[in-house]
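Given next are the chains, with one letter for each unit.
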Amino acid sequence: MLNNQETPVIYVDNSATTRMSQTAVAAMLPYMDKLYGNPSSLHSVGQQAAECLAEARATIAGLLDCTPAEIYFTSGGSESDNQAILSAAAIGERKGKKHIISTAIEHHAVLHTLKKLQKRGFEVTLLDVSAEGMVTAGQVADAIRPDTCLVSVMFANNEIGTVQPIAEIGAVCKEKGVLFHTDAVQAVGHVPVSVKAAQADFLALSAHKFHGPKGIGVLYARKGLPLVNLIEGGAQERGKRAGTENIPAIMGMAAAMKEACENLEANMAKMQALRDRLIEGLSVIPHSTLNGHPEKRLPNNVHFCFEGIEGESLLLLLDDKGICASSGSACTSGSLDPSHVLLAIGRPHEVAHGSLRLSLSEENTPEEIEYIIKAVPEVVNYLRQISPIWHDLQEGKKDHVI
Amino acid sequence: MLYSEKVMDHFKNPRNLGTMDNPDAVGEVGNAKCGDIMRIYLKIDGDIISDVKFITFGCGSAIAASSMATEMIKGKPISEALQLSNKAVVEALDGLPAHKVHCSVLAEEAVKAAVKDYYDKNGISYDAAQFAECEGGCAHCGDHE
């Protein structure tokens, strides 16, 4: 891949989205022209599509350790999170239970849905996380009240990569009889995920995070849990998600997920080695710090804060060197405040502004990692030289925070 | 693209970048919490800004706006530098995205802060209204906490 400057692109923003795998592309193509039927049609062309849809559903159910009837196709992670939470809230409301527990570091698809419920009279407890971004099952157990209807904890964090003790949290919820939802968007295809092991009642996933197509995802809802519709219309997805199924995307998702899960161990080992080398290489930068848990983190996540610089200019200069990365700085989010995740793990504003996320895929090479290890300190050093904050830190007018 | 070619040019090749030994005036605005700080150094001969330097902590548009503002006041009389508006900086940069306009406001304020420092250091009297605080016209003003 080439950009304008004809510099080879090193793509390390795989938590934003991934390149589709050739397997996924190949799985989609026939469903655009040859097998174009609508699964709701009674004729043979439609019924052929219906069979393929059933197959994809069974594949995904097998990979998640559930039954096909528990799989709902949605437009992606955000829709699945919305529907899971609103459905659990409706179940709770009918029993007079209007308290929900979640964490301070959830994705906005969860946090904004919870805000909406707060306006409808729900009470929300957002659990604090440790400096490494962890919540514990004990914290969840302590927060559960008689009127708690849902616990929603993300499987792995999209920014700092911390992987939560999901099975332990699921066990606590089960024991206390509270519904449990997990946003597994960053986890599926990257670490082992089983709804049985997690004892989850709901789970959200998104295809484009594991080399599948964009605009398609899954909501797993345990059998017997009534869902609230977000989209009304036809009887697709057992009447719980109207709209003609996006068959090409669903086929691409099933193929990508199968591929990712079949190669999970090999890919994890490969990415972990690259990740650890990258962390080691960037740690030599003075006044920098790794964000997230040192061990319990996604195999593809590297996340640093560098004191005295701002993340957006860092990203733009790295892009100039052919490195595509991401940051939790305010300037990249379009708001004045930096990432809520970095603030939740205790990074002060001025440090949170100088963050860098590098999210790998199994396609990255050791050579690319070495190039990044060389490029990032150069850019950080340049930006520090032109930063009044860095000058103040150097001259002792300000104290280093990290 | 988020930014115009002009913005990217001034971001990647900032003019008048660096610190200055024995400046006649220094102006610093912004704060670390909000994610941008600009510091402008002036050398003044008579009433002419004979040299100007800057260092900036901030996003691409903050660095580009600082660079452009220094270009626009270099070699100009102080009175003219005081007339520099954030709108003029935005126009010279061929526009900024709406949520980045505050960067141009900071650039205007940094220039004014430096001139004020010069007046204060040299006992030159001035109309305080010239250095009025910002009008809070940015889209995100007041969002912070």
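What you see is a predicted model, and the numbers here were worked out from it, not measured in a lab. Per-chain numbering applies: the sequence of each chain, read as written, is numbered from 1 onward. Throughout, the order in which chains and ligands are written sets their labels, letters from A for the former and numbers from 1 for the latter. Local features in a predicted model are, by the rule used here, given only for residues with pLDDT of at least 70; side-chain atom pairs are given and counted only at 80 or more, and totals for whole chains, interfaces and linings are based on all residues. Note that water and hydrogens are dropped before the side-chain values are worked out from all heavy atoms of the structure.

## Here we look at the side chain of Ser361(A)
All names here are of chain A.
Here is step 1 of the chain: Each helix is a run of H or I in the DSSP string that is no shorter than four residues. Each strand is a run of E no shorter than two, and both are numbered from the N terminus. By the element assignment, Ser-361 lies in the loop between β12 (355-359) and α15 (366-385).
Here is step 2 of the chain: Distance and chemistry together define a polar contact, namely a pair of N or O atoms within 3.5 Å, with one atom able to donate a hydrogen and the other to accept it when in protein, and with adjacent residues in sequence counting only for side-chain atoms on both sides. A polar side-chain atom of Ser-361 sits 2.9 Å from the main-chain amide nitrogen of Glu-363.
Here is step 3 of the chain: Should any heavy atoms of two residues lie within 4.5 Å, those residues are considered in contact. Not counting residues within four places of it along the chain, the set of residues in contact with Ser-361 comprises Asn-14, His-211 and Met-271.

## Digging into the domain arrangement of chain A
All names here are of chain A.
Here is step 1 of the chain: Domains assigned within chain A are domain 1 (22-262) and domain 2 (264-394).
Here is step 2 of the chain: Computed from C-alpha coordinates alone, the two centres of domain 1 and domain 2 are separated by 29 Å.
Here is step 3 of the chain: On the side of domain 2, 25 residues touch domain 1, which itself brings 29 residues to the contact.
Here is step 4 of the chain: Buried area: the accessible area, evaluated with a 1.4 Å probe, that two parts lose upon being put together, summed over both parts. Contact with domain 2 buries area across many residues of domain 1, yet Glu-159, Ile-160 and His-190 alone supply 33% of it, more than any other trio.
Here is step 5 of the chain: Should a side-chain nitrogen of Lys or Arg be within 4 Å of a carboxyl oxygen of Asp or Glu, the pair is scored as a salt bridge. Applying the counting rule to domain 1 against domain 2 returns zero salt bridges.
Here is step 6 of the chain: For the interface between domain 1 and domain 2, the tally reads 12 residue pairs in polar contact (both at pLDDT 80 or more).
Here is step 7 of the chain: For the side of domain 1 that touches domain 2, the elements supplying multiple residues, two or more each, are α5 (108-119) and α9 (247-262).
Here is step 8 of the chain: With three residues, α9 is the single largest residue contributor to the side of domain 1 that touches domain 2.
Here is step 9 of the chain: Class assignment of the residues belonging to the side of domain 1 that touches domain 2 gives a composition of 14 nonpolar, 11 polar and four charged. In this entry, domain limits derive from an automatic or database-based domain assignment. Polar here means any residue outside two lists: the nonpolar Ala, Val, Leu, Ile, Met, Phe, Trp, Tyr, Cys and Pro, and the charged Asp, Glu, Lys and Arg; Gly therefore counts as polar.

## Quick look at the pattern of salt bridges
Working definition: two side chains of opposite charge can pair if their charged atoms are close together.
Here is step 1 of the chain: In total, this model carries 26 salt bridges over all chains according to the counting rule given.
Here is step 2 of the chain: With its nearest N and O atoms 3.6 Å apart, the salt bridge here joins Glu93(A) to Lys98(A).
Here is step 3 of the chain: Classification of Glu93(A) as partly exposed rests on a relative accessible area of 33%.
Here is step 4 of the chain: The shortest N-O distance in the salt bridge between Lys116(B) and Asp120(B) comes to 3.5 Å. One end of the pair, Lys116(B), and the other, Asp120(B), are both in helix α5 (residues 101-121), four residues apart, so they sit about a helical turn from each other.
Here is step 5 of the chain: Note on exposure labels: buried denotes an accessible area under 20% of the residue type's maximum, exposed denotes more than 50%, and partly exposed covers the range between, all computed with a 1.4 Å probe on protein chains only. Among the residues examined, Lys116(B) registers a relative accessible area of 31% and is labelled partly exposed.

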